Amino acid sequence: MDLKNFSENTTDEDFDSIFKSHISSHSNLHWTPLKIARTAAKWLCTDDSSKILDIGSGVGKFCTVGALTTNGNYIGVEKRGNLVNISNVIIQQNKIKNVEFINDNFTQLDFSNYTGFYLYNPFWENIANDCLIDNKIPISEALYQEYNKILSIKLSALQPGVLVATYLIREEDIPLCFTMIKHDFKGNLILWRKTK
């Protein structure tokens with residue numbers, strides 16, 4: 001698929017065809033469904049200056065969809081360099097300007113640079129060894145807890161007004177200083193705002 005033809009009628013199967021089969025085969029478990037990505041991007045992009053960070057961006061589906069459907073700026077951070085390379089090739093081939101992908105650990109980033117965050121169970125692979133993308137992520141309950149703790153601290157330190165969209169994440173993993181604004185898709189997609 002040529003992403004120049006991306007529209008409201010594009011299906012997940014159409015979109016996932018841009019990936020090789022060993023990547024697209026993970027779509028149902030690991031890449032954000034288009035309906036979710038479109039909705040979350042619209043919620044997070046409040047104006048042209050919106051800067052959204054996707055933590056654990058995988059092959060960049062959420063960020064790419066966000067960049068194609070809103071005027072916000074999207075940054076995906078992913079620990080797997082091979083997935084970041086795939087993401088960067090796709091945006092370069094399709095000349096998508098308002099998105100970038102970085103190969104790093106979210107713990108190293110300054111969250112104050114962003115107006116919004118997207119979280120699709122970014123640390124789940126650390127505890128779910130039956131649905132791994134590859135063997136590059138260690139199975140570790142301790143690491144899962146550590147990453148959730150660091151994420152909570154970093155989000156709690158942000159200024160009021162910052163938005164967080166979560167998909168398939170437990171509500172108790174979001175700091176109490178965030179208030180639920182709205183939800184959709186049977187409560188699986190939630191928008192939060194930092195209120196204090």
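Anything mentioned here points back to the structure above.
What counts and what doesn't
Residues numbered from 1 in each chain as written. Predicted model: local features only at pLDDT ≥ 70, side-chain atom pairs only at ≥ 80, totals over all residues. Heavy atoms only, no water. Helix = DSSP H or I, 4+ residues; strand = E, 2+ residues; numbered from the N terminus. Buried < 20%, exposed > 50% of the residue type's maximum accessible area, 1.4 Å probe, protein only. Contact = heavy atoms within 4.5 Å. Areas by Shrake-Rupley, 256 points an atom, 1.4 Å probe, with all protein chains shown as cover. Phe/Tyr/Trp six-rings, centres within 6.5 Å; stacked < 30°, edge-to-face > 60°. Lys NZ or Arg CZ within 6 Å of the ring centre and 35° of its normal. Pairing = 2+ DSSP bridges. 1 Å grid on protein atoms, 1.4 Å probe; cavity = no way out; pocket = protein on both sides within 12 Å on 5 of 7 lines; lining within 4 Å. Points joined across faces, edges and corners; volume = space filled by probe spheres on them. Nonpolar A, V, L, I, M, F, W, Y, C, P; charged D, E, K, R; others polar. Salt bridge = Lys/Arg side-chain N within 4 Å of Asp/Glu carboxyl O. Core = buried A, V, L, I, M, F, W, Y, C linked by side-chain atoms within 4.5 Å. Axes fitted to C-alpha atoms, helices over the stretch in contact; angles between N-to-C directions.

1. Examining the overall build of the chain
- Helix and strand counts for the chain stand at 7 helices and 7 strands.
- Counting helices and strands in the order they occur from the N terminus, the chain gives α-α-α-α-β-α-β-α-β-β-α-β-β-β.
- Across the 196 residues in the chain, those meeting the buried criterion constitute 51%.
- Sequence-distant contacts in the chain: of pairs separated by 6 or more residues, those separated by 24 or more amount to 65%.
- With the model as given, the accessible surface of the chain reaches about 9700 Å², and the carbon-plus-sulfur share is 48%.

2. As for the packing of aromatic side chains
- Counted by the stated rule, this structure contains 8 aromatic pairs.
- Ring centres of Phe-62 and Tyr-74 lie 5.8 Å apart, and the angle between their planes is 75°; this geometry places the pair in the edge-to-face category. Pair noted here: Phe-62 is in helix H5 (residues 61-69) and Tyr-74 is in strand S2 (residues 73-78), with a separation of 12 residues, a long-range link.
- Among the aromatic side chains, those forming a connected cluster through ring pairs are Phe-106, Phe-111, Tyr-114, Phe-117 and Tyr-147.
- Sitting over the ring of Tyr-114, Lys-51 keeps its end group 5.3 Å from the ring centre.
- In this arrangement the basic side chain of Lys-154 is found over the ring face of Phe-111, its NZ or CZ atom lying 4.9 Å from the centre.

3. Topic: the pairing of strand S6 (residues 178-184)
- Here S6 pairs with strand S7 (residues 189-194) via 6 bridges, running antiparallel. Residue pairing in the sheet places Phe-178 in a bridge with Lys-194 of S7.
- Two successive antiparallel strands, S6 and S7, enclose a turn made up of 4 residues, where Phe-185 displays a positive phi of approximately 55°.

4. Things to note about empty space enclosed by the protein
- Here the structure, examined in full by the defined rule, presents 1 cavity of 30 Å³ or more.
- As a volume, the largest cavity reaches approximately 70 Å³.
- Lining the largest cavity are 10 residues, and of these Pro-122, Phe-123, Asn-148, Ile-169 and Asp-173 lie nearest its centre.
- Ranked by residues supplied to the lining of the largest cavity, first place goes to helix H7 (residues 141-156) with 3 residues.
- Counted by class, the lining of the largest cavity contains 7 nonpolar, 2 polar and 1 charged residues.

5. Focus: the pattern of salt bridges
- Going through the model one piece at a time under the given rule, you end up with 7 salt bridges.
- Residue Glu-78 is joined to Arg-80 by a salt bridge in which the shortest nitrogen-to-oxygen separation is 3.8 Å.
- The closest approach of N and O atoms between Glu-172 and Arg-170, which form a salt bridge, is 4.0 Å.
- One continuous salt-bridge network, built from bridges that share partners, spans Glu-8, Arg-38 and Lys-42.

6. Remarks on the nonpolar core
- Membership of the largest hydrophobic core comes to 34 residues, with the highest contact counts inside it found for Phe-15, Leu-44, Phe-62, Tyr-74, Val-99 and Tyr-118.
- When residues of this core are traced back to their parent elements, those giving at least two are helix H4 (34-44), H5, helix H6 (81-93), strand S3 (99-103), strand S4 (116-120), strand S5 (163-167) and S7.
- For this core, the element with the most residues is H4, which contributes 7 residues.
- Here Tyr-118 is in contact with Thr-32, Ile-36, Ala-40, Leu-44, Ile-52, Leu-53, Asp-54, Ile-55, Phe-62, Ala-165 and Tyr-167, once residues within four sequence places are set aside.

7. Thoughts on the sheet that holds S6
- A sheet is described by the order of its strands in space; here 7 strands give the open sequence S3-S2-S1-S4-S5-S7-S6, paired in mixed fashion. Across the chains shown, the open sheet's two edge strands, defined by having one partner strand only, are S3 and S6. Taking each pair of neighbouring strands and ignoring which way they run, the sheet shows an average axis angle of 20°.
- Sheet topology places S4 next to S5; 5 bridges connect them, and they run parallel. The residue bridging Tyr-118 from the neighbouring strand is Ala-165, located in S5.
- Here H4 sits on the sheet in contact with strand S1 (51-55), S2, S4, S5, S6 and S7, set at roughly 15° to S7.
- Along the sheet, H6 contacts S2 and S3; its crossing angle with S3, the most-contacted strand, is approximately 160°.

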